[in-house]
Amino acid sequence: YKYGLVVMKGGTASYKVNNSSFENQHAIQSVLTFKTTSFFDKIYKIRDTLTSYASIPQLNPIYHQRSVNEQGTHFIEKMKTLQFSDGYTEVSILRSRGENIMVDTIIGANNPGFDILNVFLFIRNLDYPNISVGETRHLATFLGRRKVNIILRYQGQSIIERSETHKFKALKFDIDITDDVFTESSNAMEIWVSDDMNR
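Below is a short write-up of the structure. Quick caveat, the model's predicted, so the values are computed rather than measured.

The secondary structure content of the chain amounts to two helices and 14 strands. The C-alpha radius of gyration of the chain comes to 18 Å, within 12% of the 16 Å expected for a compact globule of 199 residues. Along the first, second and third principal axes, the C-alpha atoms of the chain reach 50 × 45 × 35 Å. For the chain, with 199 residues in total, the buried portion stands at 35%. In the chain, the share of contacts with a sequence separation of at least 24, taken over all contacts with a separation of at least 6, comes to 39%. Roughly 12,200 Å² of accessible area belongs to the chain as shown, and the carbon and sulfur atoms make up 50% of that amount. Separation of charge centres in the chain, based on 23 positive and 22 negative side chains, amounts to 6 Å.

For the rest of this paragraph, the subject is the environment of Asn18. On the secondary structure map, Asn18 appears in strand β3 (residues 11-22). Classification of Asn18 by relative accessible area gives partly exposed; the value is 33%. Distance in space between the C-alpha atoms of Asn18 and Glu77 is 21 Å, their sequence separation being 59 residues. Excluding its chain neighbours within four sequence positions, the residues that come into contact with Asn18 are Ala27, Ile28 and Gln29.

In the segment running from Ile56 into Pro57, the intervening peptide bond is cis, with an omega of 5°. Structurally, Pro57 is set in the loop between β5 (47-55) and β6 (61-70). Although it is not a glycine, Leu59 adopts a positive phi angle of roughly 65°. Position of Leu59 relative to the elements: it lies in the loop between β5 and β6. Its identity is not glycine, yet Arg199 carries a phi of approximately 50°, on the positive side. Secondary-structure assignment places Arg199 in the segment after β14 (189-194). Residue class for Arg199 comes out partly exposed when judged on its relative accessible area of 22%.

Rules of the game
- Residues numbered from 1 in each chain as written.
- Predicted model: local features only at pLDDT ≥ 70, side-chain atom pairs only at ≥ 80, totals over all residues.
- Heavy atoms only, no water.
- Helix = DSSP H or I, 4+ residues; strand = E, 2+ residues; numbered from the N terminus.
- Rg over C-alpha atoms; globule rule 2.2 N^0.38 Å.
- Buried < 20%, exposed > 50% of the residue type's maximum accessible area, 1.4 Å probe, protein only.
- Contact = heavy atoms within 4.5 Å.
- Areas by Shrake-Rupley, 256 points an atom, 1.4 Å probe, with all protein chains shown as cover.
- Lys, Arg positive; Asp, Glu negative; His and termini not counted.
- Charge placed at Lys NZ, Arg CZ, Asp CG, Glu CD.

Below is the structure:
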């Protein structure tokens, strides 16, 4: 949580990647959970879980589920990839609260389209020996009923310092996101992956 000069821990997140299966095909499962601390629970309680599946070995997005449990807001959103290619992606999105369907739609994008967790998987598995600093990739991601265009820009090697004794070689990416949810569309996100075989 950041407000002016005040910065404090607002919660925890856990990111796990596993071998799995989805609808009888081998898949990579990614799970991201968010949980606010006990202090912030009194202000705005969050218990969210994102789960995604990508095909093996192509790592194409297959399915994404978002379970949102936030202060007064509760719903489950299911996104299934119907078509996926460099030139066109189509997904079906179903959002429901209990028995009530809030969103039931199909969205298309004229570029590779990912849920947010499969964007991370895409970044981790790029062909790094053949990427140049400053190279960009144009992707789409889907937030609710919206398609959001993102630009992924490779910034090269970087050093992450967690403390005097914990320094990590990393590969850095800047992400531009063209959506009004982000007050700063340029460099709306920064992602670092470890500069080793684990990525």
